Amino acid sequence: MSKILVFGHQNPDTDAITSAITYSHLLNQLGEEAEAIALGDLNPETQFALEHFSVQAPRVVKKVAAETDRVALVDHNEFQQSAEDIREVEIHSVVDHHRIANFETASPLAYTARPVGCTQTVIYGLYQVHGVEVTKEIAGLMLSGLISDTLLLKSPTCTEEDRKLASKLAEIAEIDLEAYGLDMLRAGADVSEKSALEIADGDAKSFELNGHSVRIGQVNVVDVNDVLKRKDDMLQVMQKETAEKGYDAFFLVVTNILTNDSEGLLVSNVDLVEHFEKAFTGKIVDSQIALPGLVSRKKQIVPPLTEAFEGA
């Protein structure tokens with residue numbers, strides 16, 4: 001049988017990349033031939049993690065069908081977030097911690113998803129089930145994904161299971177959880193050298209909300225003004241992407257990793273503005289809305305938007 005290509009979502013974050021690596025390692029230990037790949041370039045935060053643990057970055061591809069007929073998905077399941085030709089291959093397995101939407105297969109598969117803060121928490125459980133050793137490097141990558149997705153265990157998506165696992169993984173990886181976590185998050189929070197497009201779309205995902213295509217990006221910073229001082233440029237590139245890609249709305253969440261508050265920037269047609277105001281119980285003024293206490297796209301951004309759009 002052909003090699004299994006393992007990958008996370010487009011515009012990969014640290015959880016998507018490290019989960020692809022740790023899950024492909026598990027599959028190889030279980031007798032499969034698997035390779036971790038990426039559906040986009042690595043961000044500075046992810047590069048920091050891989051360099052710290054001396055792990056080679058996976059190669060970047062856009063399409064997979066020319067290489068294999070079997071793939072495994074981590075940290076996503078929605079087809080619009082996956083490989084461009086995902087419908088042309090068989091999905092061997094999925095390991096995820098998100099909602100299930102726009103997903104169907106022709107054949108049975110192994111599907112493991114749990115409501116925890118990070119895909120790596122789910123993958124660690126699979127290592128335990130199969131009795132596969134979690135090495136120092138694997139533990140470091142698992143911990144990096146966990147820190148990234150939970151903002152160093154401060155996100156509302158973080159569970160007690162995630163917190164206990166973080167301590168265990170830090171011990172195996174032989175690092176100081178707090179010190180390493182802050183260094184890693186800060187490595188990804190510097191936007192001074194990024195273009196407006198890289199900031200807006202670098203970690204963006206597309207969602208189908210009641211028939212509308214909504215692009216939701218998120219960028220972590222240590223000061224929201226690092227992005228807001230470039231607001232006109234941000235809105236211009238978001239408008240351009242919306243027109244070219246056929247989105248109905250583009251929403252950028254700018255999150256302060258130190259205060260755990262966010263600001264939202266919105267580009268959309270007039271009819272959809274009220275859905276965003278309803279979702280976040282605020283007014284959008286000059287294309288901007290305050291999002292106090294909101295840091296999680298998965299738990300605090302997408303669910304209220306979904307409800308607001310479906311209730312329209």
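Here the structure is shown first, and the text comes after it.
Residues numbered from 1 in each chain as written. Predicted model: local features only at pLDDT ≥ 70, side-chain atom pairs only at ≥ 80, totals over all residues. Heavy atoms only, no water.

1. So, the packing of aromatic side chains
Taken as a whole and judged by the stated rule, the model has eight aromatic pairs. Ring geometry for Phe251 and Phe276: centres 5.1 Å apart, planes at 50°, overall tilted. You can see Phe251 sitting in strand E8 (residues 249–256) and its partner Phe276 sitting in helix H10 (residues 270–279), a full 25 residues away along the chain. Owing to a relative accessible area of 0%, Phe251 belongs among the buried residues under this scheme. Taken together, the aromatic side chains of Phe251, Phe276, Phe280 and Phe309 make up a single cluster linked through ring pairs. (Phe/Tyr/Trp six-rings, centres within 6.5 Å; stacked < 30°, edge-to-face > 60°. Helix = DSSP H or I, 4+ residues; strand = E, 2+ residues; numbered from the N terminus. Buried < 20%, exposed > 50% of the residue type's maximum accessible area, 1.4 Å probe, protein only.)

2. Observations regarding the nonpolar core
Of all hydrophobic cores here, the largest spans 52 residues; its most connected members are Val6 and Tyr23. Of the residues forming this core, the biggest block, seven residues, is contributed by helix H4 (residues 136–150). Beyond its immediate stretch of four places on either side in the chain, Val6 contacts Ala20, Tyr23, Ser24, Leu27, Ala34, Glu35, Ala36, Ile37, Ala72 and Val74. (Core = buried A, V, L, I, M, F, W, Y, C linked by side-chain atoms within 4.5 Å. Contact = heavy atoms within 4.5 Å.)

3. Here we look at the sheet that holds strand E6 (residues 205–209)
Neighbouring strands of a sheet are bound in pairs by backbone hydrogen bonds; such pairs are parallel or else antiparallel. Taken in spatial order, the five strands of this open sheet run E6-E7-E8-E9-E10, and their pairing is mixed. Looking at the sheet topology across the chains shown, the edges are occupied by E6 and strand E10 (288–291). Direction aside, the axes of adjacent strands within the sheet are offset by 25° on average. Here four bridges tie strand E9 (residues 261–268) to E10, and the two strands are oriented antiparallel to one another. In the sheet register, Gly264 faces E10, and the bridge partner there is Ile289. (Pairing = 2+ DSSP bridges. Axes fitted to C-alpha atoms, helices over the stretch in contact; angles between N-to-C directions.)

Everything listed is a geometric property; what it means functionally is a separate question.
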